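The residues making up each chain are set out below.
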Amino acid sequence: LLSGEDYIRQCVRRIMKQMKKTLIMHREIGPDLLPYMAQGTSDIWLLGLTGEVIQSIETALPGTEVLTLEADIVEGNLTTSLSIKWQESIFSVNAGNL
């Protein structure tokens, strides 16, 4: 069983891979990515998307705070890396491709 920072890292990765309203008993978990899928990428698009991801993590994991979120789009793949504050520790999470 995972605990501590490893558990939070796993939870963050799962939240980012899970689209909102797709988890049967927990429809509120995950970012709402549908509005972003059909739009062209721009700075405004990326800012809205990162805001949605941050909100979904902080809502699903009370007590966590997203300090930074770095996002990069290469050939249609969104790669993310986060810095998370949980309890008294700060650590990074590489969430991979969305």
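For the structure, see preceding data.
Note that this is a predicted model, so its numbers are computed, not measured.

1. What about the layout of surface pockets?
Approximately 190 Å³ is the volume found for the second largest pocket. What lines the second largest pocket is Tyr 7, Gln 10, Cys 11, Arg 14, Ile 15, Gln 18, Leu 23, Ile 29, Ala 60 and Leu 61. For the lining of the second largest pocket, the leading source of residues is helix 1 (residues 4-17), giving five residues. Each residue belonging to the lining of the second largest pocket can be placed in one class, and the counts come to seven nonpolar, two polar and one charged.

2. With respect to unusual backbone geometry
Its identity is not glycine, yet Gln 87 carries a phi of approximately 55°, on the positive side. Summarising the element assignment, Gln 87 is placed in the loop between strand 2 (77-86) and strand 3 (89-97). Residue class for Gln 87 comes out exposed when judged on its relative accessible area of 56%.

3. Quick look at the environment of Thr 50
The topology assignment puts Thr 50 in helix 3 (residues 43-60). Setting aside chain neighbours within four positions, we find Thr 50 in contact with Leu 69 and Ala 71.

4. Examining helix 3
Taking 1.5 Å per residue as the helical rise, helix 3 with its 18 residues ought to reach 26 Å, and the 26 Å between its terminal C-alpha atoms agrees with that figure. When we look at burial in helix 3, the residues that qualify are Trp 45, Leu 49, Thr 50, Glu 52, Val 53, Ser 56 and Ile 57. Burial along helix 3 is one-sided: seen end-on, the buried residues are contained in an arc of 155°. Helix 3 presents Asp 43, Ile 44, Leu 47 and Thr 59 as exposed residues on the side facing more than 90 degrees away from its buried surface. In the core, the buried residues of helix 3 are packed alongside helix 1, helix 2 (34-37), strand 1 (64-74) and strand 2.

What counts as what
- Residues numbered from 1 in each chain as written.
- Predicted model: local features only at pLDDT ≥ 70, side-chain atom pairs only at ≥ 80, totals over all residues.
- Heavy atoms only, no water.
- 1 Å grid on protein atoms, 1.4 Å probe; cavity = no way out; pocket = protein on both sides within 12 Å on 5 of 7 lines; lining within 4 Å.
- Points joined across faces, edges and corners; volume = space filled by probe spheres on them.
- Helix = DSSP H or I, 4+ residues; strand = E, 2+ residues; numbered from the N terminus.
- Nonpolar A, V, L, I, M, F, W, Y, C, P; charged D, E, K, R; others polar.
- Buried < 20%, exposed > 50% of the residue type's maximum accessible area, 1.4 Å probe, protein only.
- Contact = heavy atoms within 4.5 Å.
- Expected span 1.5 Å × (residues − 1).
- Arc of directions from axis to C-beta.

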